[in-house]
Amino acid sequence: MTREKMRRTITACVCAATVLFIFLLCYLIYQWITLSNQNKKIKDLKSDIKYYEQLNNGDEASLEYYLSDFGMYEAALKLGFRESQGD
């Protein structure tokens, strides 16, 4: 091989390696951005889960109340039912 051919070959290899490096770097940056977005979504969903769990805990007390006899009686009165007078 002559020097000129050797030089062209080395230049082509360096260019190919540079393009590959830039492509891999761009892909890595894309993955970091995607990972960051997914972590933010996970964080938001975990906060939503905590909120709904707290909301649910309050409703469990209400459910127990409305399943009791007095709770059913009060709900019936709110819906317009009247107590019979023993006619």
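Whatever comes next refers back to the structure up there.
What counts and how
Residues numbered from 1 in each chain as written. Predicted model: local features only at pLDDT ≥ 70, side-chain atom pairs only at ≥ 80, totals over all residues. Heavy atoms only, no water. Helix = DSSP H or I, 4+ residues; strand = E, 2+ residues; numbered from the N terminus. Buried < 20%, exposed > 50% of the residue type's maximum accessible area, 1.4 Å probe, protein only. Areas by Shrake-Rupley, 256 points an atom, 1.4 Å probe, with all protein chains shown as cover. Lys, Arg positive; Asp, Glu negative; His and termini not counted. Charge placed at Lys NZ, Arg CZ, Asp CG, Glu CD. Patch = residues over 30% accessible without salt bridge, like charges linked within 9 Å, V, L, I, M, F, W, Y side chains within 5 Å. Salt bridge = Lys/Arg side-chain N within 4 Å of Asp/Glu carboxyl O. Phe/Tyr/Trp six-rings, centres within 6.5 Å; stacked < 30°, edge-to-face > 60°. Disulfide = S-S within 2.5 Å.

A.B. asks: Can you help me understand the overall build of the chain in this one?
C.D. replies: Within the chain, the regular secondary structure consists of two helices and zero strands. The principal-axis extent of the C-alpha atoms belonging to the chain is close to 120 × 20 × 15 Å. Looking at the chain residue by residue over its 87 residues, the buried ones come to 1%. As displayed, the chain has an accessible area near 8500 Å², and 64% of this comes from carbon and sulfur atoms. Between the centroid of the 11 positive side chains of the chain and the centroid of its 11 negative side chains there is a distance of 34 Å.

A.B. asks: Explain a nonpolar patch on the surface to me, please; I cannot follow it from the model alone.
C.D. replies: Among the surface-exposed residues, F21, I22, L25, L28, I29, W32 and I33 lie close enough to one another that they form a single nonpolar patch of about 710 Å² accessible area. Along the chain, I22 falls in helix 1 (residues 3-67). Overall, I22 belongs to the partly exposed group, its relative accessible area being 46%.

A.B. asks: Even after reading the chapter, I still don't get the packing of aromatic side chains, so can you show me in this structure?
C.D. replies: To describe a pair of aromatic rings, you give the distance between the ring centres and the angle between the ring planes. Applying the stated rule across the entire model yields one aromatic pair. Note on Y51 and Y52: the rings are 5.1 Å apart at their centroids and 70° apart in plane angle, and the pair reads as edge-to-face. The class for Y51 is partly exposed, based on a relative accessible area of 47%. By relative accessible area, Y52 is classed as exposed at 52%.

A.B. asks: Is there a simple way to think about the pattern of salt bridges in this case?
C.D. replies: Side-chain pairs of opposite charge can arise where the charged atoms are in close proximity. A full pass over the atoms with the stated rule returns three salt bridges. Between R8 and E4 there is a salt bridge, and its shortest N-O distance comes to 3.7 Å. With R8 and E4 both in helix 1 and four residues apart, the pair spans about one turn of that helix. Judged by relative accessible area, which is 58%, R8 ranks as exposed. In this structure, D44 engages K40 in a salt bridge whose closest nitrogen and oxygen atoms are separated by 3.3 Å. Of this pair, D44 and K40 both sit in helix 1, four residues apart, which is roughly one turn of that helix. On the basis of relative accessible area, D44 is assigned to the partly exposed category, the value being 34%. For K40, a relative accessible area of 53% translates into the label exposed.

A.B. asks: Help me out: how do you make sense of the state of the cysteines in this one?
C.D. replies: Tallying each qualifying case throughout the model produces zero disulfides. In this model C26 remains outside any disulfide bridge; the closest cysteine sulfur is found in C15, 17 Å from its own.

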